[in-house]
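As a plain string of letters, each chain reads:
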2 protein chains.
Amino acid sequence: MTSGHPLPRDPEPSLTIAQVAERTGLSHDTLRYYEKAGLIERVGRTTGNQRRYDTADLAWLEFLLRLRETGMSIADMQCFARLRAEGDTTVADRLAMLREHRADLAGRIRALRRNAAALDDKIDHYERLLHERQTGTDGPA
Amino acid sequence: MTSGHPLPRDPEPSLTIAQVAERTGLSHDTLRYYEKAGLIERVGRTTGNQRRYDTADLAWLEFLLRLRETGMSIADMQCFARLRAEGDTTVADRLAMLREHRADLAGRIRALRRNAAALDDKIDHYERLLHERQTGTDGPA
DNA sequence: GTAGAACCTGGAGTGCGCTCCAGGTCAAGC
DNA sequence: GCTTGACCTGGAGCGCACTCCAGGTTCTAC
């Protein structure tokens, strides 16, 4: 991911933390927290020590967000990030992690759908109940 | 749910907290916590003050578990439980809550599936990368 | 009737993922 | 050059959903 194709990088957008916060929906604090936690490698700085995020940082953040949204813990993301930082030799490990997470996710989606179906039944039940009450099928108020 | 059909209740299984813990997968502490929090109405007791759960308690717990597994917060479950305790007049409110939760859930499932698809792409990407490395498509080690 | 397991209570503690704060530095507009 | 708002750091605090603990009571099996 680092070597390979020497793409001629464009002007490197260089976003402030506020801009990244807006684009990702993460707060300034969370962005700093993720960096401190090692989820993002140390972001570039201005001479005055203010963060400037480039396109790669943003792409990585978006990937992290997907992991988070699919329920990966910070600890596991730290693990993944560490592997990534080690370079191309860890590709197999990272792939294994992603596959496991993917399988996990599939299971959770299945479970959610089962539960959703059960919820639908419950909703039907309540609808019938309500209808009975409204039409007075069941005797006294 | 309380009036209506006067079913001749069977011997009322009357389970101990340990038995309910095993059946539901909740810990003793969590069961007591849920009761203290008002998620379950006060469970019946022996003369010696030990809990005895009946079939209705178990069914309600299982319903709560479904709500929990689909991401409902304790606070919302408390709200639902309070409505339930108020009796049949709150059926419409409960139905509304369930419908909202159901819609929410549908959204979350959709989002998860989108993210799952993105994860699949990432996995494909890593597989190609790994294959390149193994077949030495990309030059020096 | 007694040992030991299971149960009770109120309240403190935990882990996670942020979120907030104090006290300071930096940068853009006037 | 000064104000004002964005940014920096380390560290404390928070809300959630439990989980654990101490100290006591009850139940079961012998």
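Residues numbered from 1 in each chain as written. Chains lettered and ligands numbered in written order. Predicted model: local features only at pLDDT ≥ 70, side-chain atom pairs only at ≥ 80, totals over all residues. Heavy atoms only, no water.

Caption draft 1: View of the environment of Tyr34 of chain A. All names here are of chain A. Of note, Tyr34 is situated in helix α2 (residues 28-36). Given the relative accessible area of 4%, Tyr34 is considered buried. Linking Tyr34 and Ile74, residues 40 residues apart in sequence, is a C-alpha distance of 8.8 Å. For Tyr34, the residues in contact, after removing those within four places along its chain, are Leu26, Leu39, Ile40, Leu61, Arg68 and Ile74. (Helix = DSSP H or I, 4+ residues; strand = E, 2+ residues; numbered from the N terminus. Buried < 20%, exposed > 50% of the residue type's maximum accessible area, 1.4 Å probe, protein only. Contact = heavy atoms within 4.5 Å.)

Caption draft 2: Looking closely at the interface of chain A and chain B. On the chain B side, the residues contacting the 36 residues of chain A number 36 residues. The contact between chain A and chain B buries some 3,600 Å² in all, and 72% of this surface belongs to carbon and sulfur atoms. On the chain A side of the contact with chain B, Leu112, Leu119 and Tyr126 of chain A bury the most area, a combined 18% of that side's loss. Linking chain A with chain B are four salt bridges, by the criterion used here. A salt bridge links Arg102 of chain B to Asp120 of chain A; its shortest N-O distance comes to 2.7 Å. Mapped onto the side of chain A that touches chain B, the elements with two or more residues apiece are α3 (55-69) and α5 (91-135) of chain A. Looking at which element gives the most residues to the side of chain A that touches chain B, the answer is α5 of chain A, with 25 residues. Among the residues making up the side of chain A that touches chain B, the classes are represented as 18 nonpolar, six polar and 12 charged. (Buried area = accessible area lost by both parts, 1.4 Å probe. Salt bridge = Lys/Arg side-chain N within 4 Å of Asp/Glu carboxyl O. Nonpolar A, V, L, I, M, F, W, Y, C, P; charged D, E, K, R; others polar.)

Caption draft 3: Spotlight on the protein's contact with DNA strand D. Close to DNA strand D lie 21 residues; Arg32 and Arg51 of chain A together with Asp29, Tyr34 and Arg68 of chain B are nearest. Sugar and phosphate atoms constitute 77% of the interface atoms of DNA strand D, taking the interface as everything within 4 Å of the protein. Within the side chain of Arg51 of chain A, a nitrogen or oxygen atom sits 2.7 Å from a phosphate oxygen of DNA strand D. Here a base nitrogen of DNA strand D and a side-chain polar atom of Asp29 of chain B are 3.5 Å apart. For the surface near DNA strand D, the secondary structure elements donating two or more residues are α1 (17-24) and α2 of chain A together with α2 (28-36) of chain B. (Near = heavy atom within 4 Å. Polar contact = N/O pair within 3.5 Å; in protein donor to acceptor, adjacent residues only side chain to side chain.)

Caption draft 4: Spatial organisation of the packing of aromatic side chains. Inspection of every chain in the model, using the stated rule, returns 10 aromatic pairs over all chains. The interplanar angle of 40° and the centroid separation of 5.7 Å between the aromatic rings of Trp60 of chain A and Phe63 of chain A together place this pair among those described as tilted. With a gap of three residues between them, Trp60 of chain A and Phe63 of chain A both fall in helix α3, about one helical turn apart. Here the two residues Trp60 of chain A and Phe63 of chain A agree in accessibility, since each one is buried. Three or more aromatic residues joined by ring pairs make a cluster, and in this case those are Trp60, Phe63 and Phe80 of chain A together with Tyr126 of chain B. Above the ring of Trp60 of chain B, the side-chain terminus of Arg84 of chain B is found at 3.9 Å from the ring centroid. Just above the ring of Phe63 of chain A sits the side chain of Lys122 of chain B; from NZ or CZ to the centre is 4.5 Å. (Phe/Tyr/Trp six-rings, centres within 6.5 Å; stacked < 30°, edge-to-face > 60°. Lys NZ or Arg CZ within 6 Å of the ring centre and 35° of its normal.)

Caption draft 5: Geometry of the UniProt feature "coiled-coil region" (unreviewed entry) in chain A. When the UniProt feature table is mapped onto this chain numbering, "coiled-coil region" (unreviewed entry) sits at residues 95-129 of chain A. Helix makes up 100% of residues 95-129 of chain A and strand 0%. Its end C-alpha atoms lie 51 Å apart. (UniProt positions renumbered as here; feature names shortened; annotations may be inferred.)

Caption draft 6: Molecular detail of the protein's contact with DNA strand C. Among the 21 residues in the neighbourhood of DNA strand C, the closest are listed as Asp29, Tyr34 and Ile74 of chain A together with Arg32 and Arg51 of chain B. Restricting attention to atoms of DNA strand C within 4 Å of the protein, one finds that 76% of them are sugar or phosphate atoms. Within the contact set of DNA strand C, a phosphate oxygen lies 3.5 Å away from a backbone nitrogen or oxygen of Ala18 of chain B. A distance of 2.8 Å is found between a phosphate oxygen of DNA strand C and a backbone nitrogen or oxygen belonging to Arg51 of chain B. Of all elements in the fold, only α2 of chain A together with α1 (17-24) and α2 of chain B reach the threshold of two or more residues within the surface near DNA strand C. A per-element tally of the surface near DNA strand C places α2 of chain A first, with four residues. Across the surface near DNA strand C, the residue classes tally to five nonpolar, 10 polar and six charged.

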